[in-house]
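Results of the structural survey
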Amino acid sequence: MRRLLLLLIVLSTTACAPLLPDATQRYEAWRRSSDAEALDDYERMLARAGVGGVVPMSALLRSNRRWRMCGPEFLLPPREHAGGIVPTLRLVAQLERMGIVEGGNVRSGYRSAEVNQCAGGSTRSRHLRNNALDFDLADDTRTEVLCDFWRKQGPSLHMGLGFYTPTRIHIDTAGHRTWGTDYRRGTSLCVRPQDRTGSPASGRLP
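Here goes a summary of the coordinates provided. (Residues numbered from 1 in each chain as written. Predicted model: local features only at pLDDT ≥ 70, side-chain atom pairs only at ≥ 80, totals over all residues. Heavy atoms only, no water.)

Comments concerning the overall build of the protein chain
Counting secondary structure elements, the protein chain contains seven helices and five strands. Start at the N end of the protein chain and walk to the C end: the helices and strands fall as α-α-α-α-α-β-α-β-α-β-β-β. A total of 206 residues make up the protein chain; the buried ones form 41% of that total. Expressed as a percentage of contacts within the protein chain between residues at least 6 apart in sequence, the contacts between residues at least 24 apart total 62%. Accessible surface for the protein chain amounts to roughly 11200 Å². Of this, 54% is attributable to carbon and sulfur atoms. (Helix = DSSP H or I, 4+ residues; strand = E, 2+ residues; numbered from the N terminus. Buried < 20%, exposed > 50% of the residue type's maximum accessible area, 1.4 Å probe, protein only. Contact = heavy atoms within 4.5 Å. Areas by Shrake-Rupley, 256 points an atom, 1.4 Å probe, with all protein chains shown as cover.)

Here it is as structure tokens:
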């Protein structure tokens, strides 16, 4: 009987507890407190470049995976770096059409120097220039298709592709290169065993 009473108390307490805001609610709260004019300018620039809506703004402006420790969760890039994301979004649009990535699964876009340092990014990270996006893939079945795209079209698109895990990836347009879990070319999932040299990725800029 006592156990039943305790269970009822716990359930009633849980039911009355306020739900924590989800990512969309957090973004809307941030948006209301941000520089509306600067945010509108950024959205208009993306639309003029033909990449508006490729990634939802609530995902595009996520700063990093560790935002609870390395906040804020959302960051608007400064004007001097605003256009840096355009070629990467054009690349992402191609990958979306192929069903490889989903715009809503971006986990990191632009980072300030302070956020980047806290998040463990390179001092030369392309996130600092608003040129990189980190994604979560739905599963690891897309890896070979992604790597085939990187091999064939990556050079002309200056595509950088990094794998933190088989489903956590980095994409930028700062040069055709790849790396894996130790930030070296040899551990990239796109490097075939016979091609593994153990050499560093050329100019890694995660």
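Regarding the pattern of salt bridges
Inspection of the entire model under this criterion finds 12 salt bridges. In this structure, Asp-41 engages Arg-44 in a salt bridge whose closest nitrogen and oxygen atoms are separated by 2.4 Å. Of this pair, Asp-41 and Arg-44 both sit in helix α3 (residues 36-48), three residues apart, roughly one helical turn. We classify Asp-41 as partly exposed; its relative accessible area is 22%. Notably, a salt bridge pairs Asp-136 with Arg-65, separated by 2.6 Å at the nearest N-O pair. Here Arg-65 lies in the loop between α4 (57-60) and α5 (86-97) and Asp-136 lies in strand β2 (residues 132-136), a separation of 71 residues in the sequence. On the basis of relative accessible area, Asp-136 is assigned to the buried category, the value being 18%. One connected set of salt bridges, linked through shared partners, spans Arg-65, Arg-107, Asp-136 and Arg-168. (Salt bridge = Lys/Arg side-chain N within 4 Å of Asp/Glu carboxyl O.)

Looking at the packing of aromatic side chains
A ring pair, where both rings are aromatic, is described by two values, the distance of the centres and the angle of the planes. Overall, the coordinates contain four aromatic pairs when judged by the stated rule. A ring pair is formed by Trp-30 and Phe-74, whose centres lie 5.8 Å apart and whose planes are at 45°; its orientation type is tilted. A residue pair is termed long-range when its members are at least 10 positions apart, and Trp-30 in helix α2 (residues 23-33) and Phe-74 in the loop between α4 and α5 qualify at 44 residues. Neither Trp-30 nor Phe-74 differs from the other in exposure class; each is buried. For the ring pair Tyr-164 and Tyr-183, a centre distance of 6.3 Å and an interplane angle of 65° mean the geometry is edge-to-face. Of this pair, Tyr-164 sits in the loop between β3 (160-163) and β4 (168-172) while Tyr-183 sits in the segment after β5 (177-179), placing them 19 residues apart in sequence. According to the relative accessible area criterion, Tyr-164 is partly exposed, its value standing at 23%. Feature note: the residues Tyr-27, Trp-30 and Phe-74 constitute an aromatic cluster, connected by ring pairs. (Phe/Tyr/Trp six-rings, centres within 6.5 Å; stacked < 30°, edge-to-face > 60°.)

Some points on the packing of α2 against α3
What describes two packed helices is the angle between their axes and the distance between those same axes. It is the contact of α2 with α3, at a shortest axis distance of 9 Å, that shows an interaxial angle of 115°. Taken together, the axis directions place α2 and α3 in an arrangement best described as roughly perpendicular. Two secondary-structure elements touch here, α2 through Tyr-27, Trp-30 and Arg-31 and α3 through Leu-39, Asp-40 and Glu-43. (Axes fitted to C-alpha atoms, helices over the stretch in contact; angles between N-to-C directions. Parallel < 35°, antiparallel > 145°, perpendicular 65-115°, else oblique.)

Quick notes on the pairing of β4
For a regular strand, side-chain orientation follows a simple rule: the groups alternate between the two sheet faces. With four of five residues buried, β4 is to be regarded as a mostly interior element. Where β2 lies against β4, five bridges are found, and the strand directions are antiparallel. Bridge pairing in β4 links Asp-136 to Arg-168. Across four bridges, β3 lies against β4 in antiparallel orientation. For Gly-162, the partnering residue across the bridge sits in β4 and is His-170. Where β3 hands over to β4, the hairpin turn is made up of four residues, counted between the paired strands. (Pairing = 2+ DSSP bridges.)

Remarks on the environment of Gly-50
Within the secondary structure layout, Gly-50 lies in the loop between α3 and α4. Taking the C-alpha atoms as reference points, Gly-50 and Arg-90, 40 residues apart in sequence, are found 8.3 Å from one another.

Some points on the side chain of Asp-136
A distance of 2.6 Å separates the side chain of Asp-136 from the side chain of Arg-65, its partner in a polar contact. Side-chain polar atoms of Asp-136 contact the side chain of Arg-107, separated by 3.1 Å. Asp-136 has contacts with Arg-65, Asn-105, Arg-107, Thr-167 and Arg-168, leaving out every residue within four places of it along the chain. (Polar contact = N/O pair within 3.5 Å; in protein donor to acceptor, adjacent residues only side chain to side chain.)

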